[in-house]
Amino acid sequence: MKVEIAVNGEKTTDDVEPRLLLAHYLREVRGLKATNIGCDTSSCGACTVLVDGESVKSCTVLAVQADGRQVSTVEGLAGDDGLHPVQRAFQQEHALQCGFCTPGMVMASVGLLSENPHPTEQEIREGLEGNFCRCTGYHNIVRAVRRAAEGADA
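Calculation rules
- Residues numbered from 1 in each chain as written.
- Predicted model: local features only at pLDDT ≥ 70, side-chain atom pairs only at ≥ 80, totals over all residues.
- Heavy atoms only, no water.
- 1 Å grid on protein atoms, 1.4 Å probe; cavity = no way out; pocket = protein on both sides within 12 Å on 5 of 7 lines; lining within 4 Å.
- Points joined across faces, edges and corners; volume = space filled by probe spheres on them.
- Nonpolar A, V, L, I, M, F, W, Y, C, P; charged D, E, K, R; others polar.
- Helix = DSSP H or I, 4+ residues; strand = E, 2+ residues; numbered from the N terminus.
- Axes fitted to C-alpha atoms, helices over the stretch in contact; angles between N-to-C directions.
- Parallel < 35°, antiparallel > 145°, perpendicular 65-115°, else oblique.
- Left-handed = near helix turned anticlockwise from the far one by under 90°.
- Contact = heavy atoms within 4.5 Å.
- Pairing = 2+ DSSP bridges.

**Some remarks on empty space enclosed by the protein**
One pass over the structure, following the stated rule, counts 2 cavities of 30 Å³ or more. For the largest cavity, the calculated volume is near 60 Å³. Lining the largest cavity we find Leu96, Gln97, Cys98, Gly99, Phe100, Cys101, Thr102, Phe132, Cys133, Arg134 and Cys135. Residue composition of the lining of the largest cavity, by class: 7 nonpolar, 3 polar and 1 charged. Size it by volume and the second largest cavity reaches roughly 30 Å³. Listed by contribution, the elements that provide at least two residues to the lining of the second largest cavity are strand E3 (48-51) and helix H3 (102-115). A per-element tally of the lining of the second largest cavity places H3 first, with 3 residues.

Right, here's the structure in full:
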């Protein structure tokens, strides 16, 4: 089945199996390996990407469901002027340990901040529910999201 998906701003056209998951499409067809697959059941959030700006678990979305839509992965966040503010905040607040959850956490945070640019700590914690950090780095992750939100005002 042919799909046309704008991945990180680049229009792509590919023939895919109708049952191919978006996570596998991104990793295997598009070569975007930062989208991790942790659980295959949408429980861990390692595969979180944005579809038309909305945070989704790509291990439970078919690639054909993304046909005609815009998909953003962590590889597409940084611009010519450097890291995305959320990526920079994660770096500054040491919001990663092993790094496995980081791409999903960053994308979930970008989605959260697009919906709520000034979240409280509680709203951040609730907004990131479903994204697990096996290293339990939640405190620094929440601080990073707050820092990114504060930077949005600068």
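**Comments concerning the packing of helix H2 (residues 85-92) against H3**
For the pair H2 and H3, interaxial distance at closest approach is 9 Å and the crossing angle is 125°. The orientation of H2 with respect to H3, classified from their angle, is oblique. Of the two elements, H2 crosses H3, and the hand of that crossing is right-handed. Two secondary-structure elements touch here, H2 through Val86, Gln87 and Phe90 and H3 through Thr102, Met105, Val106, Ser109, Val110 and Leu113. Classifying every residue of the contact of H2 with H3 by side-chain character gives 6 nonpolar, 3 polar and no charged.

**Digging into the sheet that holds strand E5 (residues 70-72)**
Within the open sheet, the 5 strands sit side by side as E2-E1-E5-E3-E4. Their pairing is mixed. The sheet is open, and its two borders are formed by strand E2 (10-15) and strand E4 (54-57), each paired with just one other strand. Recorded for the sheet is a direction-independent mean angle of 40° between the axes of neighbouring strands. Note: E3 against E4, 4 bridges, orientation antiparallel. Bridge pairing links Val51 to Glu54 in E4. Most of the contacts of helix H1 (residues 22-29) go to strand E1 (residues 2-7), to which it runs at about 80°, and overall it touches E1, E2, E3 and E5. Docked against the sheet, H3 engages E3, E4 and E5, running at close to 35° with respect to E3.

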